[in-house]
Every structure is written in structure tokens, then in C-alpha cells.
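A look at the structure
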Amino acid sequence: MTETLPQPRPPEPGRPPEPGRPPEPGRSFDGGPAPAPRPAPEPPAPRRERDPYFDNVKFFLILLVVVGHVWEVLRNGSHAVDAAYTVVYGFHMPVFVFVSGYFARGFMRSTDKFRVIFPTLVVPYVIFAVLYRLQLVAIRGNEFRLHELFRPQFLMWFLVALVLWRLSAPLWGHLRHPVAVSVALALVAGSWSFNSDPTLCRAAALLPFFVLGLTIRPELALAPRSRGWTRWAGLAVLLAALPVAYVWERGTALPKIAHGVLLWNRGYEHMHFGAVEGMAYRLLAMVLAVALGAAFLAAVPRGRAWYTALGTRTMYVYLLHGLIVKTLDYGGVFDAHFFGTPAGAVAATLGALAVGVLLGTAPVQRLTHWAIEPKGRWLLKPSHGRT
């Protein structure tokens, strides 16, 4: 007779299994529920590579800013220099403001972004406002007046305007047609009384370009990137603008340009325009800025190059080059007869380009980091959720 071996009893729930017996599926060796398997760690997200295109755009724009400020000093009756100056000022600051708006879109999404305004804009403004004012006192012998110490001098208007534009960023995301509203405000603002202040006048007049960059879809912002024929078309438009500006500057075939229109720093009354005429000129300036700006954006190379890294340090070039240009201007260097000649204009232009490249280098960044990117976060309260 075959002997039947006793079968082991299944363990009661919560009771450990008999020695040598494997646990039931779904239970651990102590008889309790088996712990859930740990999920495999997710691979780290690939680091998003910085698009070199906009760094290239900023590099060429800041060179135009430096060259434009030198040409502004050299404008001594040369129609060629005046024409080049007109073309550059027809688009370079509107495009710079557009790019500033494009990279300020985070201000529409999070109020935490406002924390960077103080250390990155307000503190550098105070430092350089004092430097530019002391430069006037030291070189030109201007009387030191305390109430003028922090008044925007020369190119410092841009930092003030950038603070105002960024603070307004959340508003534009709530509007159905933000660009149209900003254009209407800019046109109407040309007749307001605050236009006696060039800084506020520029902030209002250039507002549509900031709003355009702030609200444009990324694919549209990147559409003008040079692809084959578009690069050459952009260069052709910019070159064709030079003879047109030359004729316009002479005032023979067309009325001479009121430069306050292209500088965006004067109201209609200060340019002796009526309200309707002033709005028409400002609207025309906006159209020209969009056309020339699109041509410029199409002409800028897309790929990484030796100057791409310099485009990440445009604030260094912007704030520092003014001290150099104004030192030469106040010191009478540009009053020399040589700079009134074509050779002098070419030499000054090449020098401006060299200064723009030099000020964007890493050694200059290390030397002046304390003033342009100061550690001002210690002035801020801890943000929510941080200790």
C-alpha cells in the first residue's frame, strides 16, 4: 500500500510560512503583503542645448549699438554716415527690445521671476548711473548735483524701460490682442505730457516690440532664421535700404527724416508734429522697424561660431562701451579733423567693432562681474517654500 505523505497546511493570513516553504505570491516572508517593487529610476532628462541663433542675434545687435553711438558723435554733415546711421537706428533697438520681450515670457507665468529684477537691473543701474554722472563731473567739469545723480544718463534709459516692461508682462497675457493694444497705447502716448522725459517716451514708444516678443509664438519668432535664400534676401533688403536712406537724408526727393522719430525719445509736440501727423510718423517707424528687423533676423547665421559666446554677454558690452565712447567724446577726440574725413569714419567704425568684441570677452566679464551682475540676492527675502 502506498503511504500518503501529509500535505503542509497553508499558512493562515498574517502567519509566517513554515521553514523552507517559499512565501505565497504577493506575500513577504513575514506573512504580510509583499512590498511593491521599486520602479526603475527614470533616466535623467537630456540637457536642453542652448540655441546659438539668438546669441548670434544679440552679438550683432550689440555691435550695431556700439557703432551707432560712435556714428552719433561723428554725424558732422556726411550724408553717407547719416544714411548708415538712419538704417541702423531704423531697426536695431526695436529688435533688441523684441528679443528682450521674447526672453521675458517667464514673467507672464511666475511672479518668482520678478525677484531677478532688483539684482540684475536695479543694482547695476545705480552703479552705472553714478559712474556716468561722475564721468561728466570729472571730464567735462559739470557741477555735481545730488538730485541729478541717479537721473538716466546716455544709455541708462534702457534699464529703466526694461524694468517697466517686465513689470507689465503679466497684463499682456490676459488680453485677446496684446500687440494691437500696445501699438494703440504707443501711438496715443506720443502726445502725453511725460514725453518731456526721454526715458519714459522711449519706454512707451518701444512697448509694442517688447509685447510682440513677449507674446509671439516661438515658431513665428524663429521663422526668419536664415535658410538658404532667406539669408541673402535679408542682406539684400538691408543693403537696398542704404541708398533709400541716403536720398531721404538729403531731403531733396523726400522730406528729411526727423531723427526723434527713429530715436523714439521725443513726443509729437517736441518734433513740431500735430497728433495725427505724429501718429502717422510713429506708425511708419514701426512698419520700417518690422521690415528691416525681419531682414536682419533672416541675415543672421544660425549655427554656432566664434562670436556666439560673446552674444551671452551683451549687457557687459552695453554698459561698459558707453563709458569709453563718452570719455572720447567729452575729451574732444572725435573733434579732430581726421574723424571728419571718410578715412576717419571708417577707422572709428572699425574701432567701435573692436571695442564691442573686446568688451564681450570672458576676461572683461571676470573683471567687471561685480558691477554688471552683482550679488544682490542678499537684499531679497527668501521666496515661498525656501528657508
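Refer to the structure printed above.
What comes next concerns the included structure. Worth saying up front: this structure is predicted, and the values here are computed from it rather than measured.

Describing the overall build of the protein chain
Along the protein chain, the regular secondary structure elements total 16 helices and zero strands. The buried share among the 387 residues of the protein chain stands at 44%. At a minimum sequence separation of 6, the contacts of the protein chain that also span at least 24 residues come to 77%.

Structural notes on the environment of A289
Within the secondary structure, A289 is located in helix α13 (residues 275–299). Overall, the relative accessible area of 3% leaves A289 in the buried class. For the pair formed by A289 and H92, sequence separation is 197 residues and the distance between their alpha carbons is 8.0 Å. Discounting residues that sit within four places of it in the chain, A289 has contacts with G90, F91, P94 and F209.

Points about the side chain of R282
Among the secondary structure elements, R282 is positioned in helix α13. Among buried charged residues, R282 stands out as having no salt bridge; its nearest opposite-charge side chain is E269, 12 Å away. In contact with R282, not counting residues within four places along its chain, are A186, L187, A189, G190, C201, A205, W264, R266 and Y268.

Description of empty space enclosed by the protein
Here the structure, examined in full by the defined rule, presents two cavities of 30 Å³ or more. Estimates place the volume of the second largest cavity at around 40 Å³. Taken together, G260, V261, W264, R266, Y268, M271, G278, Y281 and R282 make up the full set of residues lining the second largest cavity. Contributing elements (two or more residues each) for the lining of the second largest cavity: α12 (259–263) and α13. Broken down by element, the lining of the second largest cavity gets its largest block of residues, three residues, from α13.

The rules behind the values
Residues numbered from 1 in each chain as written. Predicted model: local features only at pLDDT ≥ 70, side-chain atom pairs only at ≥ 80, totals over all residues. Heavy atoms only, no water. Helix = DSSP H or I, 4+ residues; strand = E, 2+ residues; numbered from the N terminus. Buried < 20%, exposed > 50% of the residue type's maximum accessible area, 1.4 Å probe, protein only. Contact = heavy atoms within 4.5 Å. Lys, Arg positive; Asp, Glu negative; His and termini not counted. Salt bridge = Lys/Arg side-chain N within 4 Å of Asp/Glu carboxyl O. 1 Å grid on protein atoms, 1.4 Å probe; cavity = no way out; pocket = protein on both sides within 12 Å on 5 of 7 lines; lining within 4 Å. Points joined across faces, edges and corners; volume = space filled by probe spheres on them.

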